[in-house]
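# Observations on the three-dimensional arrangement
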Amino acid sequence: MIIDIHAHLGHHPLQDFKQEPEDILAVMEKYEISRSFILPFPSMKIKTVNDSVAAFVKKHPGKLTGFAVIDPAADDALEEVERIAGLGLKGVMLDPEFHGVFRRQAKVEALMVPCMDNGLPVLFNTLNIEVGEGSRMGREPYYNGLNSLAFKFPEVRFVVSPFWPRIRDLMRQYQNIFIDSGGRNGISGAVRLAVEVGPTRVCFGSESPQNHPALGVKAIRTMKLSPVYRELLLGKNAKRIFGDLF
Amino acid sequence: MDPAGIDMACVFGNDNEYVAEAAKKFPDRYIPFVYFDPRYEEVAVETVEKYATELGWKGVKVGHQHAVARFMYPLMEKAEEHGLLVVIHSDHSIRNHPYIIGDIANSFPKVKTVILHMGGGTCFDSELLSTKMAEKNPNIYLETCYSNPYAIKQAVETIGADRVMFGSDDSNGGYGSRFEKPGQYQDLMLDAVRVIGLPKDQEEAILGGTIANLMGIDA
């Protein structure tokens, strides 16, 4: 069983990446991915991209789980969380770089209340903290931000990249932090976390279309890792942790 | 190399003599490149000249943090003089950024220059900027290891497969050692090209034709 917890739909406003619904379905079928979490790209057209994800996942409830992007700085951010929950979306994506999330910690923390009330996990869309916003702000705001969120909102599931600053410390401290492998290049980091911190909270996420799901799956299947751990990473963890969203 | 079906490899390391011994032992498998270490200042450039003239080596490897070195321009002058292929490590840092390599290559348009790793693979912006640099500078070539199929496909569409080449960046105790069996790491890197579904001739160019042409090897 393969579950991909990180596939983007649509186009990125700043980078030349795009992925259409039929692209996602074709790759899922070809590489036997039984379920994908569908995330919009970060956007300032919040309602438009969230509606697109909702419409897509509604057509394929047996295969897809939809997430919404939320801009914590938006005046209607809290209302948008309630709206997307009503649309049938099952999680919230925050993009620290695009929306400057960790410069708005108080607003982000307020957002966690409707996320908790609706059982929505919160996924941070980052690949490498050392570039982009992380390089401008330094890595501490990322560590401090997640440290605060995970402590104050223990019922909310937080999903982050294996490159998150001091992720080992955070995972050991908080059981509500989970790892999204982030494609082939994140797999080695994810595998290390599975070995060093534990295999039960690390999940495969392709970060497609930037990364290709086939490479991430192959990396998990061929890197040095117990076969039973491989199955956890490829899908069993995601089913156990996020099965209530399916 | 054998389990992954790789016939030949460009090899380099900070011990040029070790590379020379390996290339002498397996002349049909290894293409030796001299390692440029600017910490030795003018001696680094003299070393490049020595291997080019005495052993006939045709390529130079520039490693991490060296693309901004004070002796990069003398190196490029030497490369132009001897017709050497210059391959330069890249990533998203200021010292190895594709912009830096693009600027160097732009100053030496006769020197064929390879941006290794297309910007590093951990930052999509630097991958895409590698292609931009190659688009603006016909003497720039791109090497694919760590890069994602999306970026490789875009590079092929922009500059053509005959300026893109496969690489694995494996080494003793390197990334390959994290895999269960020999060759699996290289196989994964090869898949980054294969999954794109390029026409056969383009795929063959990336997997060997491009570098064979540059090095004057019958593929």
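Scroll up to find the structure.
Quick look at the structure, then.

Cut-offs applied
Residues numbered from 1 in each chain as written. Chains lettered and ligands numbered in written order. Predicted model: local features only at pLDDT ≥ 70, side-chain atom pairs only at ≥ 80, totals over all residues. Heavy atoms only, no water. Contact = heavy atoms within 4.5 Å. Buried area = accessible area lost by both parts, 1.4 Å probe. Salt bridge = Lys/Arg side-chain N within 4 Å of Asp/Glu carboxyl O. Polar contact = N/O pair within 3.5 Å; in protein donor to acceptor, adjacent residues only side chain to side chain. Helix = DSSP H or I, 4+ residues; strand = E, 2+ residues; numbered from the N terminus. Nonpolar A, V, L, I, M, F, W, Y, C, P; charged D, E, K, R; others polar. Pairing = 2+ DSSP bridges. Axes fitted to C-alpha atoms, helices over the stretch in contact; angles between N-to-C directions. Buried < 20%, exposed > 50% of the residue type's maximum accessible area, 1.4 Å probe, protein only. Right-handed = clockwise from strand over helix to strand, strands pointing away.

For the rest of this paragraph, the subject is the interface of chain B and chain A. If you look at the interface, chain B gives 24 residues, while chain A gives 27 residues. Carbon and sulfur atoms make up 56% of the surface buried where chain B meets chain A, a total of about 2400 Å² over both sides. Considering only the surface of chain B that becomes buried against chain A, Phe124, Tyr150 and Arg178 of chain B emerge as the three largest contributors, covering 30% of it. In this structure, lysine 218 of chain A and aspartate 191 of chain B form a salt bridge, with 2.7 Å as the shortest nitrogen-oxygen distance. Where chain B meets chain A, there are 13 residue pairs in polar contact (both at pLDDT 80 or more). Those elements giving two or more residues to the side of chain B that touches chain A turn out to be α5 (124-136), α6 (149-159) and α7 (184-194) of chain B. Classifying every residue of the side of chain B that touches chain A gives 11 nonpolar, 8 polar and 5 charged.

This next bit is on the sheet that holds strand β3 (residues 35-40) of chain A. Residue and element names in this part refer to chain A. If you walk across this open sheet you meet the 9 strands as β2-β1-β3-β4-β5-β6-β7-β8-β9, and the pairing is mixed. The outermost strands of the open sheet, each flanked by one partner alone, are β2 (18-19) and β9 (202-203). Strand contacts of helix α4 (residues 105-117): β5 (91-94), β6 (122-124) and β7 (158-160), with the helix running at about 165 degrees to β5, the strand carrying the most contacts.

This brings us to the pairing of β5 of chain A. All names here are of chain A. Burial along β5 is two-sided: Gly91 and Met93 facing one way and Val92 and Leu94 facing the other are all buried. Pairing analysis gives 3 bridges linking strand β4 (residues 64-69) to β5, with the strands arranged parallel. Bridge pairing in β5 links valine 69 to methionine 93. A crossover links β4 with its parallel partner β5, the connecting element being helix α3 (residues 77-87), and its sense is right-handed. Note on the crossover from β5 through α4 to β6: the handedness is right-handed.

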